[in-house]
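Inside the fold
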Amino acid sequence: MAFRPLSQRNNPDPVFEGPHEGIPAWMFQSVVRWVDEAIYEPRGMQEGPSETVLLAAEASLHVTFDWSSGPFSARTAALTQMQRDNEFGLDFLDFLLGVLGQEPLTRELNSILTRAGSAWEVQAATAPNHFQLVRRAIGPVRDAIDEIRPTSQRAHAHLVAAWSKLMGRNPDPSGAYREAIRAVEVVAAPMVAPNDTLVTLGKIIGTLRANPEKWTVDLAEATTQQVTEMAAMIWQSQFDRHGTHDESVPLNVSQEQADAAVHISIALVRLFAGGHITRVP
C-alpha cells in the first residue's frame, strides 16, 4: 500500500489518490537509481553502464541513444528520454526486467512502484527467471486470484499468467484467453471427468449438460446448468481456438473479450476449487 501523509489522510488529494500512470516526478529519481543498479557492471577498477544491455534496449525498443561518449552518454540519453516520455520509461523498465530480472532487483523496483502509488507492478513472466510490468491488480481481483493458490497452485499459476498477458505492457488477449480456459480445465476436470487424461473444457461442458443431476452447487438458487452456461460462454467465444475459412469469424479475440473471459474464469475456478460444486453420491 502506498504511504499517505498524516496531513492528507482525511483530505481528497489527487496526488495521493492513485494509481498513477507513467513515471511521476516523485518516483523518477528512485527509478534512476534502480536503473543504474540494474545496468552497471564492473569495468576494470571501476563500474560503468553495460554496453550490451543498452545496445539490446535500442534494438528491442526501436530507439537510438547518444553514443558520443560510449555507454555513459547512452545511459544519460536513455534516462533523459524516460523523463520526457513516460511510455518509453515504462517500456525501458519492462525491457530491463525481462533481460536482467534478478529477485533482489525485482523486489526493489516493485517497492518503488508501490510507494509511489504506480498503476503498475512487477510480476513474474511465463518464461523462467523473467519478470515484467503488469497493470496492478487491486481489490477483489487480486484477492480472488490469491485465494485460489492454497487449493490449486496450478490453476493459480494459469490465472496469474492470464492476468500478465491481459494487463502487460504488450497485451496478448489470445494468450490471456487460453490461460483462463486452462485454469478452469485444471480444477473442473478432476470433478467432472477424472478418468479422462485429455479432457478439454468443451468435453467438461458436454458432460455437465448431459447429466446435470450428478452435481450440486452449494450457492442459493444456483444450479449446475447455470455453471455450465458460464463455462460455455468463454468456450464458445474463443474464436481463435482453431483456424476457420469463415471470413466472418475474427482472427483473434479482442482485449475486451479476453478481459471478460479472465474474470469469468476466476469465478469458475473459485467455484470448483473452493468445493462449491460437488458430485452427488
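As a reminder, the structure under discussion sits directly above these lines.
Below, the structure is looked at part by part.

1. Details of the packing of aromatic side chains
- Summed over all chains, the structure comprises 3 aromatic pairs.
- Taken together, a centroid distance of 6.5 Å and an interplanar angle of 80° make the contact between F65 and F92 edge-to-face. Taken as a pair, F65 in the loop between α3 (51–61) and α4 (71–84) and F92 in helix α5 (residues 86–100) lie far apart in primary sequence, 27 residues in all.
- Residues F88 and F92 carry aromatic rings whose centres are separated by 5.7 Å and whose planes lie at 15° to one another, so their mutual orientation is stacked. Of this pair, F88 and F92 both sit in helix α5, separated by 4 residues, roughly a single helical turn.
- Assessed through its relative accessible area of 5%, F88 is described here as buried.

2. A few points about the nonpolar core
- Core analysis: the biggest nonpolar cluster contains 45 residues, and W163, L201, I204, I234, V262 and V269 have the highest contact counts within it.
- The dominant element in this core, judged by the number of residues it contributes, is helix α9 (residues 173–192), at 10 residues.
- Beyond its immediate stretch of four places on either side in the chain, V269 contacts I148, A155, L159, A183, V184, V187 and G274.
- Counting residues in hydrophobic clusters, the runner-up holds 36 residues, among them L105, L109, W120 and V122.

3. Some remarks on the pattern of salt bridges
- Counting across every chain of the model gives 9 salt bridges.
- The residue E121 makes a salt bridge to R136 at a minimum N-O spacing of 3.5 Å. Taken as a pair, E121 in strand β3 (residues 120–124) and R136 in the loop between β4 (131–135) and α7 (140–146) lie far apart in primary sequence, 15 residues in all. Taken individually, E121 and R136 each receive the classification buried, so the pair is uniform in this respect.
- Here E147 ties to R270 by a salt bridge, and the two come within 2.7 Å at their closest N and O atoms. Linking E147 in the loop between α7 and α8 (153–167) with R270 in helix α12 (residues 255–273), this pair joins segments that are 123 residues apart in sequence.
- Classification of E147 by relative accessible area gives partly exposed; the value is 48%.
- For R270, a relative accessible area of 34% corresponds to the partly exposed category.
- Taken together, the shared-partner salt bridges connect E87, D91 and R169 into one network.

4. Quick look at α5
- Relative to the 21 Å expected for 15 residues at 1.5 Å per residue, α5 spans 21 Å between its end C-alpha atoms, a close match to the ideal helical length.
- Burial within α5 is extensive, with 11 of its 15 residues counted as buried.
- F88, G89, L90, F92, L93, D94, F95, L96, L97, G98 and L100 are the residues of α5 that are buried.
- In the core, the buried residues of α5 are packed alongside α2 (25–39), α3, α4, α6 (103–115), β3 and β4.
- The opening residue of α5, the one whose side-chain oxygen lies 3.1 Å from the backbone nitrogen of E87, is D85.

5. Notes on the environment of I264
- By secondary structure assignment, the location of I264 is in helix α12.
- Sequence-wise, I264 and I234 are 30 residues apart; in three dimensions their C-alpha atoms are separated by 7.6 Å.
- Beyond its immediate sequence surroundings of up to four residues, I264 is in contact with M230, M233 and I234.

6. What to know about the packing of α8 against α12
- Remark: α8 packs on α12, axes separated minimally by 11 Å, with the N-to-C direction vectors making an angle of 160°. With respect to α12, the element α8 is oriented roughly antiparallel. Considering the relative orientation of α8 and α12, their crossing is left-handed. Each of A155, L159, A162, W163 and L166 in α8 lies in contact with α12, whose residues at this interface are Q255, A258, D259, V262, H263, S265, I266 and V269.
- Its residues assigned to classes, the contact of α8 with α12 comprises 9 nonpolar, 3 polar and 1 charged.

Reading the values: rules and limits
Within each chain, residue numbers correspond to sequence positions counted from 1 in written order. Side-chain atom pairs in this predicted model are given and counted only at pLDDT of 80 or more, local residue features only at pLDDT of at least 70, and totals for whole chains, interfaces and linings cover all residues. Only hydrogens and water are removed before side-chain values are computed, so all heavy atoms of the structure are retained for them. Think of it this way: a Phe, Tyr or Trp ring, Trp meaning its six-membered ring, pairs with another when their centres are within 6.5 Å, and the plane angle makes it stacked under 30 degrees, edge-to-face over 60, tilted otherwise. The helix and strand labels rest on DSSP assignments: H or I over at least four residues marks a helix, E over at least two residues marks a strand, and numbering proceeds from the N terminus. Relative accessibility decides the category of a residue: with a 1.4 Å probe and only protein chains considered, values under 20% of the type maximum give buried, values over 50% give exposed, and everything between is partly exposed. We call a set of buried residues a nonpolar core when its members are Ala, Val, Leu, Ile, Met, Phe, Trp, Tyr or Cys and they connect through side-chain atoms within 4.5 Å of each other. Working rule for contacts: check all heavy atoms of both residues, and any pair within 4.5 Å makes them a contact. Put simply, a salt bridge is a Lys or Arg side-chain nitrogen that is within 4 Å of an Asp or Glu carboxyl oxygen. Expected helix span is taken as 1.5 Å per residue step, with the number of steps being one fewer than the number of residues. Pairs of N or O atoms are called polar contacts if they sit within 3.5 Å, as long as, within protein, a hydrogen donor faces a hydrogen acceptor (for residues adjacent in sequence, only side-chain-to-side-chain pairs). To get an axis, fit a line to the C-alpha atoms, keeping to the stretch in contact for a helix; angles then go from 0 to 180 degrees between the N-to-C directions. Roughly parallel means an angle under 35 degrees; roughly antiparallel means over 145; roughly perpendicular covers 65 to 115; every other angle is labelled oblique. Here a crossing is taken to be left-handed if its near helix is turned anticlockwise relative to the far helix by less than a right angle, and right-handed if that turn runs clockwise. In the scheme used here, Gly and all other residues not listed as nonpolar or charged are polar, with Ala, Val, Leu, Ile, Met, Phe, Trp, Tyr, Cys and Pro taken as nonpolar and Asp, Glu, Lys and Arg as charged.

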